[in-house]
Amino acid sequence: MGEMAANLAHQLRTPLSTALIYANHLGGDALAPSERKKLATKTIERLHHLEHLTKDMLRFVKGETNQLETVVISSLIAELQQVVEPQMKQHNLLFTVNDYSADEFLVTDRQALCGALINLLENAVQASPVGSQISFTIRLEKSNIVFSVLDNGPGIDSMLQERLFEPFFTTRSEGTGLGLAIARSVIQSMGGSIQINSSIERGTEFVIRLPRCNGD
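Bear in mind the structure is a predicted one, so any value in this text is a computation, not a measurement. (Residues numbered from 1 in each chain as written. Predicted model: local features only at pLDDT ≥ 70, side-chain atom pairs only at ≥ 80, totals over all residues. Heavy atoms only, no water.)

### Points about unusual backbone geometry
One non-glycine residue, Asn92, lies in the positive phi region at around 55 degrees. Counting through the fold element by element, Asn92 comes out in the loop between helix H3 (73-90) and strand S2 (94-99). Overall, the relative accessible area of 49% leaves Asn92 in the partly exposed class. The phi angle at Ala102 is positive, at roughly 55 degrees, despite the residue not being glycine. Along the chain, Ala102 turns up in the loop between S2 and strand S3 (105-109). (Helix = DSSP H or I, 4+ residues; strand = E, 2+ residues; numbered from the N terminus. Buried < 20%, exposed > 50% of the residue type's maximum accessible area, 1.4 Å probe, protein only.)

### With respect to the pattern of salt bridges
Counted under the stated rule, the structure contains five salt bridges. A salt bridge links Arg110 to Glu79; the nearest nitrogen and oxygen atoms lie 2.8 Å apart. On the criterion of sequence distance, the pair formed by Arg110 in helix H4 (residues 110-127) and Glu79 in helix H3 is long-range, its members being 31 residues apart. On the basis of relative accessibility, which here comes to 30%, the residue Glu79 falls in the partly exposed class. Residue Arg209 is joined to Glu141 by a salt bridge in which the shortest nitrogen-to-oxygen separation is 3.0 Å. A residue pair is termed long-range when its members are at least 10 positions apart, and Arg209 in strand S7 (residues 204-211) and Glu141 in the loop between strand S4 (133-140) and strand S5 (144-151) qualify at 68 residues. Look at Arg209 and you get partly exposed, because its relative accessible area is 22%. For Glu141, a relative accessible area of 22% corresponds to the partly exposed category. (Salt bridge = Lys/Arg side-chain N within 4 Å of Asp/Glu carboxyl O.)

### Quick word on the nonpolar core
One recurring pattern in soluble globular proteins: nonpolar side chains tend to sit buried together. Core analysis: the biggest nonpolar cluster contains 40 residues, and Phe136 and Phe147 have the highest contact counts within it. Only H3, H4, S4, S5, helix H6 (179-189), strand S6 (193-198) and S7 provide two or more residues apiece to this core. Non-local contacts of Phe136, meaning those with residues more than four positions away in its chain, are made with Ile77, Leu80, Phe95, Thr96, Val97, Asn98, Leu117, Leu121, Phe147, Ser148 and Val149. (Core = buried A, V, L, I, M, F, W, Y, C linked by side-chain atoms within 4.5 Å. Contact = heavy atoms within 4.5 Å.)

### Some words on the packing of H3 against H4
Where H3 meets H4, the axes come as close as 10 Å, and the angle between the chain directions of the two elements is 35 degrees. Classified by chirality, the crossing of H4 by H3 is right-handed. When H3 is examined against H4, the residues Ser75, Leu76, Glu79, Leu80, Val83, Val84, Gln87 and Met88 are found in contact with a partner set consisting of Arg110, Leu113, Cys114, Leu117, Ile118, Leu121, Glu122 and Val125. When the residues that make up the contact of H3 with H4 are grouped by side-chain class, the tally is 11 nonpolar, two polar and three charged. (Axes fitted to C-alpha atoms, helices over the stretch in contact; angles between N-to-C directions. Left-handed = near helix turned anticlockwise from the far one by under 90°. Nonpolar A, V, L, I, M, F, W, Y, C, P; charged D, E, K, R; others polar.)

Okay, here's the thing in structure tokens:
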């Protein structure tokens, strides 16, 4: 708990300090309108980052699923496409969806599962060079529903892969270090698992397995 508190304080301090610096500069009388607008935008960005970090922390502490409902997988995938496709287009990425879930369903927390999958897709966007491809595949095994997010980005060093699921560990300057920790917590609370397959210069694949309701 002490280590987590120290990490949280560090994560909060940096964007907060930056926001305070920008806010102090806004009080300068000699600022041109364009410079004032730029500083205001940067201040708001830092405050949004703080808000995002706080929300992620609350979700991480919560840790369990609730509001269980019957979720038809194909419907969930259609919803996810609507959410992430604008980001894919903005980054000039080719996004392919391979949905082999048929009429499969889960009784689960739709919002929590959707959030975990969006996190993996957004990570893939951040890792992918312009013009590359991201594949989202859903298939059935005998006892599991399998969700796969595959990118052909730079890959992740094997020494860092397990650490990616640690709270507050991130390889991105703008990352909160909580997204994957939350995703794993959510998936494990649903009785599932999440793993990473990655190698340098060959891309990264995150694989989620959730038990089928009608699995043997």
